[in-house]
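Structure at a glance
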Amino acid sequence: NPVGESVSTSMGHGRPGFDMDAGAGAALQAEYRISPRLGIELGVLGAAGFDISNWIFNGNVHSDIGLTGFAPISLGLNIHLTPQKAYDLYAGPQIALVNYKTGRAWRDPGWAEYGVSVDNDWAWGLVAGLDAPLGKRGWLFNINLRYLGTNIKQSRRDFHFDGEFDPVILSVGFGYAF
């Protein structure tokens, strides 16, 4: 649920707007258990297909950012709530370095196109998940829900945008415990 915090331009001011479509991707995560209840997790996510638009409602400025990549690298502390059970429920805090890649351009009122870049950002987050065993050989099914609090900052000539991105990420996958 992205929210535009501020938009400023020399061409005019108005109420900012912010729209975004969902994307999809793949992730790789590894956890090292430092105790039965605590684990340190390192993960990387590669997602694409986001389409972000921001504008000022007085009609003077419009910007489309085609995010061709959203790649957070995260580090977290997993607190295992049911470590001795077959179904392992966990939750915990995370920090992440979010790398954005853009593909589309900024547009002025005459619809001239310019290259645009979006700044990378540090993010904080939370994760909650469940590991379920698949047989007796260490394989497991994993499902987790992750929230990241991150910002998108865009600047080009006399147009500046600062907005909250804050994605909620649903991951479904398989793992191996050894």
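What comes next concerns the included structure. Predicted model, so just to flag it, every value in this text is computed and none were measured. (Residues numbered from 1 in each chain as written. Predicted model: local features only at pLDDT ≥ 70, side-chain atom pairs only at ≥ 80, totals over all residues. Heavy atoms only, no water.)

**Focus: the pattern of salt bridges**
- In total, this model carries two salt bridges according to the counting rule given.
- Its salt-bridge partner being R33, residue D88 comes within 2.5 Å of it at the nearest N-O pair. Placement of D88 in strand β7 (residues 88–102) and of R33 in strand β3 (residues 24–33) is noted, with a sequence separation of 55 residues between them.
- A residue is classified by how much of its surface remains accessible, and D88, at 6% relative accessible area, is buried.
- The partly exposed category is assigned to R33, whose relative accessible area is 35%.
- Between R146 and E41 there is a salt bridge, with its nearest N and O atoms 3.3 Å apart. Residue R146 is found in strand β11 (residues 139–149), and its partner E41 is found in strand β4 (residues 38–48); the two are separated by 105 residues along the sequence. Like E41, R146 is buried. (Salt bridge = Lys/Arg side-chain N within 4 Å of Asp/Glu carboxyl O. Helix = DSSP H or I, 4+ residues; strand = E, 2+ residues; numbered from the N terminus. Buried < 20%, exposed > 50% of the residue type's maximum accessible area, 1.4 Å probe, protein only.)

**Describing the pairing of β11**
- Relative to β11, strand β10 (residues 121–133) runs antiparallel, the two sharing ten bridges. By the bridge assignment for β11, D131 is matched with N142.
- Taking the residues between adjacent antiparallel strands as the criterion, β10 and β11 are bridged by five residues, where G135 takes a positive phi near 85°.
- In this structure, β11 lies alongside strand β14 (residues 168–176), joined through nine bridges in antiparallel fashion. If you follow L140 over to β14, its bridge partner there is G175. (Pairing = 2+ DSSP bridges.)

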